[in-house]
Amino acid sequence: MRCVIARFPFDLTKSGVLKSMTGVKPEPVTGESVTIGRRTYPVTQVGQVITRQDRRDFSAGEVLRAMTQLGFTCRGLPQTAPTRALSPLQQASAMLGAPAAV
């Protein structure tokens, strides 16, 4: 599959990406991720390995788009549950260690 990452065209295949990532130890995932084989890699690490470019040269979205089109499982940023706003009294009570009022 032909894709453009950091304004450079690349001909990527699923088997080629698998081969490139063989033996690469995954870094801790803090944002978007790609599952390749049985390992989960940060998107920027995968982009750096397959393009041989600096991570500052491309966006995570470019690599996510390419990996999704190749059929890899990609995950975006984790969704956080909305927190309920506390009143000033509840916040002060919580800071003092009082049980939370429901």
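To be clear, the structure that these remarks concern was listed above.
Values in this document were obtained by computation on a predicted structure and should not be read as measured data.

Criteria and cut-off values
Residues numbered from 1 in each chain as written. Predicted model: local features only at pLDDT ≥ 70, side-chain atom pairs only at ≥ 80, totals over all residues. Heavy atoms only, no water. Helix = DSSP H or I, 4+ residues; strand = E, 2+ residues; numbered from the N terminus. Contact = heavy atoms within 4.5 Å. Areas by Shrake-Rupley, 256 points an atom, 1.4 Å probe, with all protein chains shown as cover. Phe/Tyr/Trp six-rings, centres within 6.5 Å; stacked < 30°, edge-to-face > 60°. Lys NZ or Arg CZ within 6 Å of the ring centre and 35° of its normal. Pairing = 2+ DSSP bridges. Axes fitted to C-alpha atoms, helices over the stretch in contact; angles between N-to-C directions. Buried < 20%, exposed > 50% of the residue type's maximum accessible area, 1.4 Å probe, protein only. Core = buried A, V, L, I, M, F, W, Y, C linked by side-chain atoms within 4.5 Å.

Peer 1: Explain the overall build of the chain to me, using residue names and the numbers behind them.
Peer 2: On a plain count of helices and strands, the chain comes out with four helices and five strands. Along the chain direction, N to C, the helices and strands of the chain fall in the order β-β-α-β-β-α-α-β-α. Partitioning the contacts of the chain with sequence separation of at least 6, the portion at a separation of at least 24 is 47%. Accessible surface, the chain as shown: approximately 7,300 Å² in total, 55% of it carbon and sulfur.

Peer 1: I'd like a description of the packing of aromatic side chains, backed by residues and values.
Peer 2: Applying the stated rule across the entire model yields zero aromatic pairs. Above the face of the F72 ring, K14 is positioned so that its terminal group lies 5.1 Å from the ring centre.

Peer 1: Got a sec to walk through the sheet that holds strand 5 (residues 73-75)? Specific residues and values, please.
Peer 2: In space, the three strands of this open sheet follow the order 4-3-5, with antiparallel pairing throughout. Looking along the sheet, the strands with just one partner apiece sit at the ends: strand 4 (39-42) and strand 5. When the angles between neighbouring strand axes are averaged without regard to direction, this sheet yields 25°. With three bridges connecting them, strand 3 (residues 33-36) and strand 5 associate as antiparallel partners. Paired with V34 across the bridge in strand 5 is C74. Here helix 2 (residues 43-51) sits on the sheet and contacts strand 3 and strand 4; the angle it forms with strand 4, its principal contact strand, is near 85°.

Peer 1: How would you explain the pairing of strand 2 (residues 8-11) if you had to name every residue and give the values?
Peer 2: By the bridge criterion, four bridges tie strand 1 (residues 2-5) to strand 2 in an arrangement that is antiparallel. Each residue of the ladder has a partner; that of C3, found in strand 2, is F10. Counting the residues between successive antiparallel strands, the hairpin from strand 1 to strand 2 contains two residues, one of them, A6, with a positive phi of roughly 55°.

Peer 1: Requested: an account of helix 2, with residues and values cited.
Peer 2: If you check which residues of helix 2 are buried, you get V43, Q45, V46, G47, I50 and T51. Against strand 1, strand 2, helix 1 (14-21), strand 3, strand 4 and helix 3 (60-70) lie the buried residues of helix 2.

Peer 1: Give me the nonpolar core: which residues, what numbers.
Peer 2: I5, L12, V17, V34, I36, V46 and M67 are the most contacted members of the largest nonpolar core, which has 22 residues in total. The element best represented in this core is helix 3, accounting for six residues. If sequence neighbours within four positions are ignored, V17 has contacts with I36, I50, M67, L70 and F72.

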